[in-house]
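What follows is each chain in one-letter form.
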4 protein chains.
Amino acid sequence: MTEPKHLFIPGPTNIPDRVRRAMNLAMEDIRAPDFPELTKPLFHDLKTLFKSETGEIFLFPSSGTGAWEAALTNTLSPGDRVIVASFGQFSMLWAKMCRDLGFETEEWEIPWGEAFPLERLEERLAQPDAAGIKAVLVCQNETATGVASDVAGVRRILDAADHPALLMVDGISSIACIEFRMDEWGVDLAIAGSQKGLMLPTGLSVVCASRKALAASETAKCRRSYFDFAWHAGANKDGYFPYTPATQLLRGLRVSLDILAEEGIENVWTRHNRLAEGVRRAVRAWGLETCAARPEIASDTVTAVVVPEGIDSADVVRTAYHRYNTSFGVGLSKVAGRVFRIGHLGALDEVKILSGIAAAEIAMRDCGINLQAGSGVGAAIDYYRETAPAALAAAAE
Amino acid sequence: MTEPKHLFIPGPTNIPDRVRRAMNLAMEDIRAPDFPELTKPLFHDLKTLFKSETGEIFLFPSSGTGAWEAALTNTLSPGDRVIVASFGQFSMLWAKMCRDLGFETEEWEIPWGEAFPLERLEERLAQPDAAGIKAVLVCQNETATGVASDVAGVRRILDAADHPALLMVDGISSIACIEFRMDEWGVDLAIAGSQKGLMLPTGLSVVCASRKALAASETAKCRRSYFDFAWHAGANKDGYFPYTPATQLLRGLRVSLDILAEEGIENVWTRHNRLAEGVRRAVRAWGLETCAARPEIASDTVTAVVVPEGIDSADVVRTAYHRYNTSFGVGLSKVAGRVFRIGHLGALDEVKILSGIAAAEIAMRDCGINLQAGSGVGAAIDYYRETAPAALAAAAE
Amino acid sequence: MTEPKHLFIPGPTNIPDRVRRAMNLAMEDIRAPDFPELTKPLFHDLKTLFKSETGEIFLFPSSGTGAWEAALTNTLSPGDRVIVASFGQFSMLWAKMCRDLGFETEEWEIPWGEAFPLERLEERLAQPDAAGIKAVLVCQNETATGVASDVAGVRRILDAADHPALLMVDGISSIACIEFRMDEWGVDLAIAGSQKGLMLPTGLSVVCASRKALAASETAKCRRSYFDFAWHAGANKDGYFPYTPATQLLRGLRVSLDILAEEGIENVWTRHNRLAEGVRRAVRAWGLETCAARPEIASDTVTAVVVPEGIDSADVVRTAYHRYNTSFGVGLSKVAGRVFRIGHLGALDEVKILSGIAAAEIAMRDCGINLQAGSGVGAAIDYYRETAPAALAAAAE
Amino acid sequence: MTEPKHLFIPGPTNIPDRVRRAMNLAMEDIRAPDFPELTKPLFHDLKTLFKSETGEIFLFPSSGTGAWEAALTNTLSPGDRVIVASFGQFSMLWAKMCRDLGFETEEWEIPWGEAFPLERLEERLAQPDAAGIKAVLVCQNETATGVASDVAGVRRILDAADHPALLMVDGISSIACIEFRMDEWGVDLAIAGSQKGLMLPTGLSVVCASRKALAASETAKCRRSYFDFAWHAGANKDGYFPYTPATQLLRGLRVSLDILAEEGIENVWTRHNRLAEGVRRAVRAWGLETCAARPEIASDTVTAVVVPEGIDSADVVRTAYHRYNTSFGVGLSKVAGRVFRIGHLGALDEVKILSGIAAAEIAMRDCGINLQAGSGVGAAIDYYRETAPAALAAAAE
């Protein structure tokens, strides 16, 4: 009966109807003389999401993983040393990609639930061979554990050590959701994907490259073609692409950028933070813990809830899916069975996230978790009321 | 940001994505040779929703109000005496229509919150002039107050009095949601609209007419054209219509009938009852009352919640709308300011209705209603868990 | 493979993608405080299509036939004498409706292919009992024969005779396509439907009523409810409706009005005339005749093509449908078998109508009609090139 | 007014409404337990389009260019020698990719308008150093010139020389349109894209790899990650993907595969051939030539029309676009200004392609090309009538 299912995974996220409508269209001529009227403003407007004025945008018909590859192969050479802190499924996979692409990969295995270890980076840069490090890779928001890392902190440490390594940030599940400041934080390569904060289907990935990254791309020796910056830049400057772009997603992107601009990117960040905190209050009301080890590193786009001993978190996800038409994220790899994940990013408001909390409550109760039904919803409601934006408070007067 | 808004009005209801997809189409030739392949099964399958084998279906491009007019003008003559019990906005409007169309209208004003008064009918039929009554009009589900009437009871009383009056039932907000048995209950004219249990946009109304009603239509002297049964029947028998039908809605109807058939109409009724009872548990947990005077007459498709003295229910609706992107039904006419209405009909499941309960909680709290946030959601969750269908309970194993 | 079929019927017409997108939406709250922001401008903007400043718009969830009924029952009383010239299926059905609704109906049977007979009206008004005529009904564009009548001429004759009859115009297949001037021509009731020039699905009908018609509605004694002007006017003035409106069509209407305004209504008329003339050139190139008896009365929205003796026009339509995925209009009633109809109204340009001409050619050849393949297309191309708007001619420079 | 524009480019192609409807959907959980019910049959059913039983399908969220890269990097090692015959924009770009990816690239520059030179391959394989050739790359359908190459012939020559080179085929604008027989022709890597014969938006690319190609991928030393076969195969075997797939396109693909299966792939090939021949007859009737040097190598999916001396083909394309809302393909690179291209692939029937021919006629006339309007349409109509499939001929009986 109910279709679509209630979607609380950390991406793909719910698509606003305006965006969905914009994508309900016929195909179009990708060499049309007026095609650049669509595309050129996209490149421009995307930069506001990255808070970048000096960076350059690349758009690929690929999922976010492709943008990882683009960032790496355009700016590094085979055998280059890179540092990746691995503290969840996605940072771990980025490390795997580094090895597959032939980089000398220093993968730091960090306990899942922790964030990027700034002190360790500080120490590492003090070592004699630090000069060989070409890039530091930071997953700003580890989707598997619901942990956010301090990107600005990484930059501070690099600067303090006067280290020239490129700072690459996986912002797939953070950009257009939580605070991100490309220029201010000195990020060299930032990566986003369409199916998260951009509220689009999967299939479009974005790289924002700093001037330094672009300079690096001129000497980088990795073999590349599909994701080659130069090939794209050549066509992009006139509003075209080196091969057929995904016009349906570009049309959707136009509307999602409009929606984000109407709200204002800072307000988007604030909204994500406020909705996320409601979820964390709910978790506390249930007497449970988040996978994020400390409140300061809790992600504002996804919360991984640790289930009590003796409970299999996969049961919660299965129960929600089969009985209550609701999708939560499963625990992946090292935290399989121990956590389930509530995605709270993209097109979301209080009532929608309250329904996700309610769904979690009923499913957890079914699985024998001892909590009071309604307690999480109540805690979140109380929090949302306390923190209602003034604008909202005035809305109904 | 959030679009569409969360919709908890008692119609138009939420459209399942399968239905929405089916209506995303180009126009088609309404005289095409294969057009009857679409239309003929619709007439057949609609009868299952009415639980009628002997009735005949008429489909009008109109809203439900048009089907009221069709039922009346096809089977009655000017000056005919009709009885309408008026106990809410919609039964009241039906009485108004009767007067406008020139019938001798006995409008029984019943307190809002009460149902069709069976005893009064019994008494009325015992009066000497009862023979002049040509029709008894029953609003099965009064959408304004959340009250369901006993249609089978009306038939029993008519039969006990051996009275030949036509039994007309407004089932707009009940058919395809709550129990309805055209043939078994001896209903002569039953009326449905597309935007309720059929989970379609407004614009298609349905009349199911008994053999007795069809016989009456042959001598009924009301002037009619657009809604004329005979004109329609003549074209319908070949699968066509006397004037251009709303093909987009017919294509949507095909899918909504499929969805209802997959669930089974009795299961649809059971689901509505169970979800509704959860809402009533929530109301009780809040310490509030429903507008429906007694539990036995509470509607399974809409609950009118009475707000405490000193509170304006319109504030709750406004707050929900402006602050929380949520639409509830306002109190209409006699209950304006006193009730707000939670619609729970059509494409709905536990999580969706829990979000409506949560939205009501947060909005009521904002309006100064003293209730514990989460209490309604908790009560509903507990009820849904207790009453989980065996099939569901097994689903996640 | 090909879906949808190529549609060249005189309605429903092809829906522009922008309109289709606008209707791909969730249901909404029809009592929402901001609902009038949608509806009020619709009432205003619709008047531009009627070229009326003083008229009042009524919008019904019904097909165009319902608007006929609205025009009649709101302004006339039972037994009133009306004149209907019947020269095609639709004018004939309007006469039938008049009889069904209880009017004293003077149906003038005119040869199909002819237009409204101005001289006969002149003579009729000169007769002694002319004062009893309450309304003159004119089908501006008879869809069955492809004939346009002279509405302004009817007004001139009524005025010359100083006759107070209401002038009612069926503009279903003409308004928003061919010239129509409500105020200037002194039309009292003009009727339009969504599925023609408005390029929407069926289900929304429009009446524009003059001040005189509104005055008549205050004393008109026909029983009415669903289509009652007063009931609507009461709700419309605040931007609402007396019963649930078809929101999906209203949202589509917003966009179709925008599209028409962008082109400019006079340009819309010119475009229809120019495209239609191309079709007529094609018919001549084929060596065939139109059903319209004279060029001056040929319709700019539909052309009924007379097939040669010995050919069944239904074969052409069947062949086009089954072999070539193309819908043309069949010959109806008196011209069944003799004509097939090419609809050329709504969202249409040169290339689209050329494909309709080509489809007619291939289907007619298959049916044994002796014409040179390509001749009609060639004649139309030559005409379109000769008459290219200056704006277009400059477009490609 | 007209939107979308008439699309006659060689991809993206027109999307059937059934496919478009299927993609009008909400996002879904890509780790859901029932997700493989969607995906597993896709892998299976795609093989029918390649006429392969032993091959393995890989699906990438990328445009077709990504699949080129996948084919190359999964099966070759840096420095491997590959042969690419370059006779159009797309074969030329494939050669560029080979160089960019670090292969020893033998690019054979062939006159545009010619096909893959079988004799030259024969000679080349007879040379002493032929053993070093690791792969032969064939563009089955060169979209820039409208030329089809003889893939089976390449295999015959490789086999005759008993040469072990991998045979890679760019089938982006041919597969699911014109004859392709993976297993029978001994193709090792065949590449398709969603926006051509699959009638989907851009964004999904397909590689079908032979057992021999899969074996090669185990030792191939090119660095790869995003497009890595092994990473995909590991996840695909359970119906999942190594990173987020484009679910909207997968849902659309399900329907496009259904549509193709309903017609039957051989019938799809026959239809493309018949429609294409109609276009060629039109070109001849205009007194013009195709870019394809000889009829035997003319493509059945796109026709590049050579304009007369003194005419700029870009004018024809601009005129069609700006005046007639029609997109044709421009002449690219070496044939810029000399040819314009009519795409005739994907969801297409007689009437649709006739409209493309008519659009070409009117635009060419506007640009001063001396041809008789209607001549091309007439020639195509005559051809289509002569060659009507028996099934169609019977359809209208």
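Our structure is the block above this text.
None of these values were measured; they are calculated from a predicted model. (Residues numbered from 1 in each chain as written. Chains lettered and ligands numbered in written order. Predicted model: local features only at pLDDT ≥ 70, side-chain atom pairs only at ≥ 80, totals over all residues. Heavy atoms only, no water.)

Draft legend 1. Local environment of the relation of the copies chain B and chain C. Between the two copies, chain B and chain C, the superposition gives an RMSD of 0.0 Å; the rotation angle is 180° and the shift along the axis is 0.0 Å. The relationship between the two copies is best expressed as a two-fold rotation axis. Judged by C-alpha distance, Ser62 of chain B is the residue of chain B that lies nearest the rotation axis, at 2.4 Å. A shared interface surface links the copies, since 100% of the contact residues of chain B are contact residues in chain C too. (Least-squares fit on C-alpha atoms with pLDDT ≥ 70 in both. Contact = heavy atoms within 4.5 Å.)

Draft legend 2. Spatial organisation of the relation of the copies chain D and chain A. After a rotation of 180° and a shift along the axis of 0.0 Å, chain D superposes on chain A with an RMSD of 0.0 Å. Mapped onto chain A, 100% of the interface residues of chain D again fall at the interface, so both copies present the same surface.

Draft legend 3. Broad picture of the interface of chain D and chain A. The partner chain A presents 54 residues to the 54 residues of chain D that form the contact. Overall, the association of chain D and chain A removes approximately 4,500 Å² of surface from exposure, summing both partners, and the carbon and sulfur fraction of that is 60%. Taken together, the connections running from chain D to chain A amount to zero salt bridges. At the level of secondary structure, the elements contributing two or more residues to the side of chain D that touches chain A comprise helix H3 (64–75), helix H4 (89–100), helix H12 (313–324) and strand S13 (326–328) of chain D. In terms of residue count, the dominant contributor to the side of chain D that touches chain A is H4 of chain D (six residues). (Buried area = accessible area lost by both parts, 1.4 Å probe. Salt bridge = Lys/Arg side-chain N within 4 Å of Asp/Glu carboxyl O. Helix = DSSP H or I, 4+ residues; strand = E, 2+ residues; numbered from the N terminus.)

Draft legend 4. Representation of the pattern of salt bridges. Residues and elements named next belong to chain C. Under the definition given, this model contains 136 salt bridges over all chains. Across the pair Glu107 and Arg99 runs a salt bridge whose closest N-O atoms are separated by 2.5 Å. Residue class for Glu107 comes out partly exposed when judged on its relative accessible area of 23%. In this structure, Asp258 and Arg254 form a salt bridge, with 2.9 Å as the shortest nitrogen-oxygen distance. (Buried < 20%, exposed > 50% of the residue type's maximum accessible area, 1.4 Å probe, protein only.)

Draft legend 5. Spotlight on the packing of aromatic side chains. Counted according to the given criterion, the structure contains 62 aromatic pairs over all chains. Note on Phe328 of chain C and Phe340 of chain C: the rings are 5.6 Å apart at their centroids and 65° apart in plane angle, and the pair reads as edge-to-face. Residue Phe328 of chain C is located in strand S13 (residues 326–328), and its partner Phe340 of chain C is located in strand S14 (residues 339–343); the two are separated by twelve residues in the primary sequence. Judged by its relative accessible area of 0%, Phe340 of chain C is buried. Between the aromatic rings of Phe50 of chain D and Phe180 of chain D, the centroid separation amounts to 6.3 Å while the plane-to-plane angle is 85°, which identifies the pairing as edge-to-face. Here the residue Phe50 of chain D occupies a position in helix H2 (residues 35–50), and Phe180 of chain D occupies one in the loop between strand S8 (166–170) and helix H7 (182–185), the gap between them amounting to 130 residues. (Phe/Tyr/Trp six-rings, centres within 6.5 Å; stacked < 30°, edge-to-face > 60°.)

Draft legend 6. Inspection of the interface of chain B and chain C at higher detail. Across the boundary between the two partners, chain B contributes 54 residues, which contact 54 residues of chain C. Interface of chain B and chain C: buried area, both sides summed, is about 4,500 Å²; carbon and sulfur atoms make up 60% of it. For the pair chain B and chain C, the number of links is zero salt bridges. Seen at the junction of chain B and chain C, the total is 18 residue pairs in polar contact (both at pLDDT 80 or more). (Polar contact = N/O pair within 3.5 Å; in protein donor to acceptor, adjacent residues only side chain to side chain.)

Draft legend 7. Region of the structure containing the sheet that holds strand S2 (residues 56–60) of chain D. Residues and elements named next belong to chain D. If you trace the seven strands from one edge of the open sheet to the other, you get S2-S10-S9-S8-S5-S3-S4, paired in mixed fashion. Every other strand in the sheet has two partners, leaving S2 and strand S4 (104–109) as the edge strands with one partner each. Strand-to-strand twist across the sheet, computed as the mean angle between neighbouring axes with direction ignored, equals 20°. Bridging between strand S3 (residues 81–86) and S4 involves six bridges; their strand directions are parallel. Opposite Ser86, over in S4, you have Glu109 as the bridge partner. (Pairing = 2+ DSSP bridges. Axes fitted to C-alpha atoms, helices over the stretch in contact; angles between N-to-C directions.)

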